[in-house]
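# Structural overview for review
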Amino acid sequence: ARPRVWVSRPTFPDIVARLDPYFDVVAEPREVMFSPAELATKIADCDAVIVGLKERIGAAEVAKAPRLRIVANLGVGYDNLDLAALTAAGVAASNTAGALDESVADFTWAMLLGAARRIGEAERWLRAGQWHGTRFTDWLGIDVRGRTLGILGMGRIGQAVARRAVGFGMQVIYHNRSRVPQALESECRARWVDKDELLRTSDFLVLALPLTPESRHAIGAAELARMKPTAVLVNIARGGIVDDAALAEALAQGRLAAAALDVFEGEPVVNPKLLELDNVLLSPHIASASLDARRGMTTMAVDNVVALFGHGPHAGHPPTILNPEVLAAASPTTHP
Ligand code: GLV
Ligand code: GLV
């Protein structure tokens, strides 16, 4: 029998069809929030799965899917996967690094500028029929030129955000557990600082780090207290990196000027205190939702699956595998 692939959500049929020569494919026709039991049933007889961020796959799921060889994640962040458990079971995992960085960086700037220039607030006011003439001093926003952009997490997305800052005439500082190579620092015109300096100096602070046990509440009450009261916080990374309750309190008390948030703790539920604030620009986790990025992400997931089973241009070498050590352990890479 041919290996079986499950695609957990509707994506782009023309791209998923590239699996057809090698696999029996079951693609979900609708967006469904699967319970853990439903998920276990879906993946039980699969050799490969392409999943999104709402499918959580760990030791329990893998134990019930004895044939599973790869989990291809439709996202660059993979906090929905227990990578250690997958690796221990010899199951490959891949993400979509490279397919969405530029789109997410564009969106980050849209949110940063939107919060700085109060676009969401002003639009709500206009739509509410309140525009009967504007006073000269209404809607005063914050200019970015000459100000300092801080980036926490200098991976591919952080770097893409930094590169764009040159055009806006900003200074860029960043903090990352490890400094990026000097050539890259000069290319991005970004200077490494410790986290305390990042918090104290940034006029705009962009979060672009993965959610891990260590980065949970990396921005909590203590960190917010060290930020400038004129600063703007931008989270396009993951809910849970920011303590949303502490953020809402800081914003309500004027200890922070504004925030732009694409991700939330407990998504799709948003902390009601945030919803009450005017100085927060909110979006429903759409930073990678451009047509190009979502098609690119789908292509990358398909490429990883095809490659793991020894087919296509990357045969045997899934391009964005997260645990390449499973390849060395597994043989053969080609199904008979
Ligand atoms: C992708 O961003 C997803 O929502 O799974
Ligand atoms: C989206 O949130 C992603 O991680 O790609």
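Residues numbered from 1 in each chain as written. Chains lettered and ligands numbered in written order. Predicted model: local features only at pLDDT ≥ 70, side-chain atom pairs only at ≥ 80, totals over all residues.

## Comments concerning the packing of helix α5 (residues 101-116) against helix α7 (residues 156-165)
The test is simple: Here an angle of 0 to 180 degrees is reported between the N-to-C directions of two axes, which are lines fitted to C-alpha atoms, with helices fitted over the stretch in contact. Only DSSP runs of H or I reaching four residues or more are called helices, and only runs of E reaching two or more are called strands; each is numbered from the N terminus. When an angle is under 35 degrees it counts as roughly parallel; over 145 it counts as roughly antiparallel; between 65 and 115 it counts as roughly perpendicular; any other value is oblique. Handedness of a crossing is defined here by the sense of rotation of the near helix relative to the far one, left-handed for an anticlockwise turn of less than a right angle and right-handed for a clockwise turn. Contact between two residues is assigned whenever their backbone-derived C-beta positions fall within 7 Å. Gly is put with the polar residues, along with every residue not named as nonpolar or charged; the nonpolar set is Ala, Val, Leu, Ile, Met, Phe, Trp, Tyr, Cys and Pro, and the charged set is Asp, Glu, Lys and Arg.
The geometry of α5 relative to α7 is characterised by a closest axis approach of 8 Å and an angle of 55° between their N-to-C directions. Judged by the angle between their axes, α5 and α7 are oblique. Seen from above, α5 lies across α7 with right-handed handedness. Touching Asp101, Glu102, Val104, Ala105, Thr108 and Trp109 of α5 are Arg156, Ile157, Ala160, Val161 and Arg164, all from α7. Broken down by class, the residue content of the contact of α5 with α7 amounts to six nonpolar, one polar and four charged.

## Some words on the site of ligand 1
For the record, the criterion: Being near a molecule or strand means, for a residue, that its C-beta atom, positioned from the backbone, comes within 6 Å of it.
In the region of ligand 1, the neighbouring residues are Gly52, Leu53, Leu74, Gly75 and Ser288. For the shell around ligand 1, the class distribution of residues is two nonpolar, three polar and no charged.

## Digging into the UniProt feature "domain: D-isomer specific 2-hydroxyacid dehydrogenase NAD-binding" (unreviewed entry) in the protein chain
Here is the rule: UniProt positions are given in the numbering used here, feature names are shortened, and annotations may be inferred rather than shown by experiment.
According to UniProt, the feature "domain: D-isomer specific 2-hydroxyacid dehydrogenase NAD-binding" (unreviewed entry) maps to residues 110-287 in the numbering used here. Secondary structure content for residues 110-287 is 33% helix and 16% strand, and the end C-alpha separation is 10 Å.

## As for the sheet that holds strand β10 (residues 232-235)
Defined as follows: Strands pair, by our definition, only if DSSP identifies at least two bridges between them.
The strand order across the open sheet built from seven strands is β8-β7-β6-β9-β10-β11-β12, with neighbouring strands paired in parallel fashion. Since the sheet does not close on itself, it has two edges, and those belong to β8 (190-192) and β12 (280-282), each with one partner. Neighbour-to-neighbour, the strand axes of the sheet open up by a mean angle of 20°, direction not taken into account. Summarising the sheet, β10 and strand β11 (residues 258-261) pair through four bridges and their orientation is parallel. Bridging across to β11, asparagine 235 finds its partner in leucine 261.

## So, the site of ligand 2
Every residue near ligand 2 is listed here: Leu53, Gly75, Val76, Gly77, Thr96, Leu100 and Ser288. Residue composition of the shell around ligand 2, grouped by class: three nonpolar, four polar and no charged.

## A few points about the nonpolar core
Keep this limit in mind: Joining buried Ala, Val, Leu, Ile, Met, Phe, Trp, Tyr and Cys residues through C-beta atoms within 7 Å gives a set, and that set is a nonpolar core. Burial in this document is a count-based property: other C-beta atoms within 10 Å of a residue's C-beta are tallied, and the residue is buried at 20 or more, exposed at 12 or fewer, or partly exposed in between, with C-beta positions derived from the backbone. The domain boundaries here were taken from an automatic or database domain assignment.
Ranked by size, the top nonpolar core spans 100 residues in total, and within it Val5, Ile151, Leu207, Val232, Val234, Ala259 and Val305 carry the most contacts. Residue contributions to this core reach at least three from each of two domains, namely domain 1 (4-99 + 291-329) and domain 2 (101-282). Residues contacting leucine 207, with those up to four places away along its chain left out, are Leu152, Gly153, Ile219, Val234, Asn235, Ile236, Ala237, Ile241 and Val242.

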